[in-house]
Amino acid sequence: MRTKLKTISLAFATVGGLYAQQKPNIVLIYADDIGYGDLSCYGATRVQTPNVDALANSGLRFRNAHAAAATSTPSRYGLFTGEYPWRRKGTGIAAGDAAMIIKPTQYTLPKMMQEAGYTTSAVGKWHLGLGNETGKQEWNGRVAPGPNEIGFDYSYIMAATGDRVPCVYLENQRAVGLDPKDPIQVSYTKNFPGEPTGKENPELLTKLKPSHGHDMAVVNGISRIGYMKGGKSALWEDENIADSITTHAVRFIERNKNKPFFLYFGTNDIHVPRYPNERFRGKSGMGCRGDAILQFDWSVSEVVRALKEAGIYDNTLIIVTSDNGPVVDDGYQDEAVALLKNHKPWGPFRGGKYSTFEAGTRVPFIVHWPGKVRTGVSDALVSQIDMLGTLAELTDVKSTQAIPEDSQNQLPAWLGSDLKGRDYVIGAAGTLTVLTSEWKYIEPGNGAAYNAFTNTELGNNPNDQLYNMCRDRGEYDNVAEENPLIVRFLKQILEEEKAKGINKEL
Ligand code: NG6
Ligand code: CA
């Protein structure tokens, strides 16, 4: 296997002769909450995503690809560290004032890319915490540690998420457009005297009202999670977030077109609050959620356009995927439920964001690299946990630090020559799961069966669950009792994985 891979990496060193860039650029477009069934190349019919579809048509579209978790923070933790998030305490959904979750001492995907000679960049959603101590960030100076300390040369990020304060962009870890005379103050425990909240001042909610939670600080006519005061000149406008972060992603591409680069572009779409630009509002017929999908597709088109204009499209590996599965009502009254009708964000799978059922982590995953990746579809079992191990092989890096064992080199599967992929992947959204190409085992758990707010089936069950994913993609027929040997085998895998570490302190 090693020999075959070397042939692939050597190929890009010589193709095109003198003027060819030695190593391909890597662009990772990381959507937020886009489900398996949300893109037209994955079967959506009521919303069209022609720009993503074009990448799928000339690239490889995976049908069994997984995020490392069913929510954003742990998925991103796995993506950047190559370590399963369930091995570490404190990798759950981060508050907007959480301390940095990845430690500067850890080896990471961007550090590996730097070692491979790449210029690295993080643009868009962050949601991995910032600073050394929760609630003690220096929002009016340089917030550190941050992206730079874990390997990003350049960053233009949203401090946490769209629905969490502080609602500002940080460029290289400093709030953009901040007036020092109006400093940012943030609290996740109590409001600042005199500041309005969504709960007490619903008349200020001119753009979106909450359906559950999200009733604290009011920023731009939308209430959020957490309290905030000041920083008025730095506040983002929700309808311009996609424009702002896409512009910065494009600018990074233009400025670095002459040397190999790695761009992590985490879109805000289609996370709540969904309030796309007026160019997209009302255009999908499915309300803000559908309109945000159109806006996401536009962001993809801008990145592609920039790569083509820079003349580096053919020498760029583009990956389009999502951090977790879909959710319809995630806390705002944006008509997503009423206008969904026959659209199925979860595709043929059960559950959604937050769920151990399949739609929690089975996400779109498209790999595009002209002439290098097989075109068509792949049913290989792949996971974002392998980004580090796989790109280390692709870039032929001599890394100075060990790549975590969880992060495998799956380059042959990602490029389409290996049709099988992983033997298994461990999932985590509450209880742990073991998924192989054929079977899925879900550990017993006492959690709630439903998330009542989002109306998501969580997959918790006090008994063993076993599903045959070839015959029963919807996970409706629990065949654990009839297949004790398979249950035992998969439990054994899980025990071996747990023995390598679970819930350890960082
Ligand atoms: C939940 C939020 C939800 C979303 C999620 C994180 C409430 C009631 N719900 O706690 O709106 O922000 O966290 O989503 O606050 S994620 O995609 O970033 O993981
Ligand atoms: Ca998410």
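Residues numbered from 1 in each chain as written. Chains lettered and ligands numbered in written order. Predicted model: local features only at pLDDT ≥ 70, side-chain atom pairs only at ≥ 80, totals over all residues. Heavy atoms only, no water.

## Notes on the confidence of the model for the protein
Put simply, the rule reads: Per residue, pLDDT captures the predictor's confidence, and it can take any value from 0 to 100. Contacts were defined at the residue level, with two residues in contact if any of their heavy atoms lie within 4.5 Å.
Chain-level statistics for the protein give a pLDDT mean of 95 and a share of 96% at 70 or above. This stretch, residues 1-7, has a pLDDT under 50; its non-local contacts, to residues over four places away or in other chains, come to nine contacts. The low-confidence segment residues 9-20, where pLDDT is below 50, has 11 contacts with residues more than four positions distant or belonging to other chains.

## Quick word on the coordination of the calcium ion (ligand 2)
Here is the rule: The donor definition counts N, O and S atoms within 2.8 Å of each metal and applies 3.2 Å to Na, K and Ca; water is not among these atoms, so some sites may look incomplete. Every angle between 85 and 135 degrees makes a four-donor site tetrahedral, while opposite donors more than 155 degrees apart, with all other angles between 65 and 115, make a four-donor site square planar and a six-donor site octahedral; other sites are irregular. Starting at the N terminus, helices and strands are each numbered in turn, a helix being any DSSP run of H or I of at least four residues and a strand any DSSP run of E of at least two. With a 1.4 Å probe rolled over the protein chains alone, any residue whose accessible area is under 20% of its type maximum counts as buried; one over 50% counts as exposed, and the rest are partly exposed.
All of the protein donors around the calcium ion (ligand 2) are D32 (OD), D33 (OD), D323 (OD), D323 (OD) and N324 (OD1); their distances to the metal are 2.2 to 2.7 Å. Relative to the metal, the six donor atoms surrounding the calcium ion (ligand 2) lie at angles of 51 to 174°, and the coordination shape comes out irregular. Site description for the calcium ion (ligand 2): donor spacing in sequence, D-D-x289-D-N. You can see D33 sitting in the loop between β1 (25-31) and α2 (50-57) and its partner N324 sitting in the loop between β13 (316-322) and α7 (336-340), a full 291 residues away along the chain. Per residue, the accessibility class of D33 equals that of N324, and both read buried.

## A few points about the state of the cysteines
Quick reminder of the rule: Here, two cysteine sulfur atoms that lie within 2.5 Å of each other are counted as a disulfide.
Under the counting rule described, the total for this entry stands at zero disulfides. Free of any disulfide, C167 has its nearest cysteine sulfur in C288, 17 Å distant. Of the residues examined, C167 reaches a relative accessible area of 0% and is grouped as buried. On the basis of relative accessibility, which here comes to 12%, the residue C288 falls in the buried class.

## A short note on the sheet that holds β13
The criterion, for reference: Any two strands with at least two DSSP bridges between them are considered paired. Under this scheme, a helix contributes an axis fitted over its contacting stretch, all axes are lines through C-alpha atoms, and angles between N-to-C directions fall in the 0 to 180 degree range.
Strand order across the open sheet formed by 10 strands is β7-β6-β5-β4-β12-β1-β13-β14-β2-β15, with mixed pairing between neighbours. Looking at which strands have only one partner, the edges of the open sheet turn out to be β7 (174-175) and β15 (376-378). The pairing of strand β2 (residues 60-62) with β15 spans three bridges and is classified as parallel. The residue bridging F62 from the neighbouring strand is S378, located in β15. This element, helix α6 (residues 287-309), spans β1, β12 (261-266) and β13 of the sheet and lies at about 170° to β1.

## Some points on the site of ligand 1
Keep this limit in mind: Consider each residue's heavy atoms; a residue with any of them within 4 Å of a molecule or strand counts as near. Think of a polar contact as two N or O atoms within 3.5 Å of one another; within protein, one of them needs to be a possible hydrogen donor and the other a possible acceptor, and neighboring residues in sequence only count if both atoms come from side chains. Using the Shrake-Rupley algorithm and a 1.4 Å probe, accessible areas are obtained, with residue cover drawn only from the displayed protein chains. Under the convention adopted here, Pro, Cys and the residues Ala, Val, Leu, Ile, Met, Phe, Trp and Tyr are nonpolar, Asp, Glu, Lys and Arg are charged, and Gly plus all remaining residues are polar.
Looking at ligand 1, there are 18 residues lining it, with S72, K125, D163, D330 and K353 nearest. Contacts to ligand 1 include D330, whose backbone N or O atom sits 2.8 Å from an oxygen atom. Burial of ligand 1 by the protein amounts to 84% of the accessible area it has alone, namely 450 Å². Counted by class, the shell around ligand 1 contains four nonpolar, seven polar and seven charged residues.

## Some points on the sheet that holds strand β22 (residues 465-468)
Hydrogen bonds between backbone atoms are what pair the strands of a sheet, whose relative direction is either parallel or antiparallel. The strand order across the open sheet formed by four strands is β17-β18-β19-β22, and the pairing between neighbours is antiparallel. What marks the edges here is a single partner per strand, and that holds for β17 (425-429) and β22. Each strand of the sheet is rotated relative to its neighbour by a mean of 20°, with strand direction disregarded. Examined bridge by bridge, strand β18 (residues 431-435) and strand β19 (residues 439-442) share three bridges and lie antiparallel to one another. Of the residues in β19, the one forming a bridge with L435 is K440. Strands β17, β18, β19 and β22 of the sheet are contacted by helix α10 (residues 484-499), whose axis makes an angle of about 65° with β19.

## Side note on the domain arrangement of the protein
Operational definition: What marks off one domain from the next here is an automatic or database domain assignment. The term buried area means the drop in 1.4 Å probe accessible area that two parts suffer when joined, counted for both and summed. Any Lys or Arg side-chain nitrogen located within 4 Å of an Asp or Glu carboxyl oxygen qualifies as a salt bridge.
Domain parsing of the protein yields domain 1 (2-174 + 237-290 + 304-415) and domain 2 (425-499). Inter-centroid distance (C-alpha atoms) of domain 1 to domain 2 is 26 Å. Taken together, the 26 residues of domain 1 in the interface contact 29 residues of domain 2. Looking only at domain 1, the three residues that lose the most surface to domain 2 are W86, R350 and T356, adding up to 33% of its buried area. At the surface where domain 1 touches domain 2, the tally comes to three salt bridges. The residue E497 makes a salt bridge to R87 at a minimum N-O spacing of 2.6 Å. Inspection of the region where domain 1 meets domain 2 yields nine residue pairs in polar contact (both at pLDDT 80 or more). The class makeup of the residues in the side of domain 1 that touches domain 2 is 11 nonpolar, seven polar and eight charged.

## Some details on the pairing of β17
Across a regular strand the side chains alternate sides, sitting on one face of the sheet and then on the other. The element β17 is extensively covered by neighbouring structure, given that five of its five residues are classed as buried. Residues V425, G427 and A429 of β17 are buried on one face, and the alternating residues I426 and A428, pointing to the opposite face, are buried as well. Note that β17 and β18 share five bridges and pair antiparallel. Paired with V425 across the two strands is L435, which belongs to β18. Connecting β17 to the antiparallel partner β18 that follows it, the hairpin turn spans one residue, and G430 within it adopts a positive phi of roughly 100°.

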